[in-house]
Amino acid sequence: MDITPINHTITATITTSMGVIELSLDGAKAPLTVGNFAHLAETGFYNGTTFHRVIPDFMIQAAIRYLKTQPSAPCKAPAVLATNLKMKLMTVN
């Protein structure tokens with residue numbers, strides 16, 4: 001199954017035991033990555049994910065439980081690195 005690229009900005013809402021995280025995903029800059037993320041989210045892949053490292057106003061790090069029992073995640077699209085992106089700090093609301 002091929003992933004459908006998403007060429008526009010979408011919003012993802014992650015509900016956790018500590019609150020809600022809202023993300024803006026830029027499909028214009030990473031259409032396969034955004035399409036893959038949306039596909040995995042829609043199939044429930046991220047349900048039960050534990051955020052094991054949180055640095056306020058900086059980052060969160062998650063351990064996806066699937067990886068503990070399987071050799072690789074069921075990703076449908078290859079990871080594509082966008083070399084033209086610049087890192088900028090942002091606050092997740």
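Residues numbered from 1 in each chain as written. Predicted model: local features only at pLDDT ≥ 70, side-chain atom pairs only at ≥ 80, totals over all residues. Heavy atoms only, no water.

**Description of the environment of D2**
Tracing the sequence through the fold places D2 in the segment before β1 (9-16). It is 9.9 Å that separates the C-alpha atoms of D2 and G35, two residues lying 33 residues apart in sequence. (Helix = DSSP H or I, 4+ residues; strand = E, 2+ residues; numbered from the N terminus.)

**Re the packing of aromatic side chains**
Under the counting rule described, the total for this entry stands at 2 aromatic pairs. Taking 5.2 Å as the distance between ring centres and 75° as the angle between the ring planes, the aromatic pair formed by F45 and Y46 counts as edge-to-face. Given the relative accessible area of 26%, Y46 is considered partly exposed. Taken together, the ring pairs connect F37, F45 and Y46 into an aromatic cluster. (Phe/Tyr/Trp six-rings, centres within 6.5 Å; stacked < 30°, edge-to-face > 60°. Buried < 20%, exposed > 50% of the residue type's maximum accessible area, 1.4 Å probe, protein only.)

**Some words on the nonpolar core**
In this structure, I6, I10, A12, L25, V34 and A38 together form the largest nonpolar core, which totals 6 residues. Elements that contribute at least two residues to this core include exactly β1 and α1 (31-42). The residues touching I10, leaving out its near neighbours within four places in the chain, are L23, S24, L25, V34 and A38. (Core = buried A, V, L, I, M, F, W, Y, C linked by side-chain atoms within 4.5 Å. Contact = heavy atoms within 4.5 Å.)

Treat this as a map of the structure, not an account of what it does.
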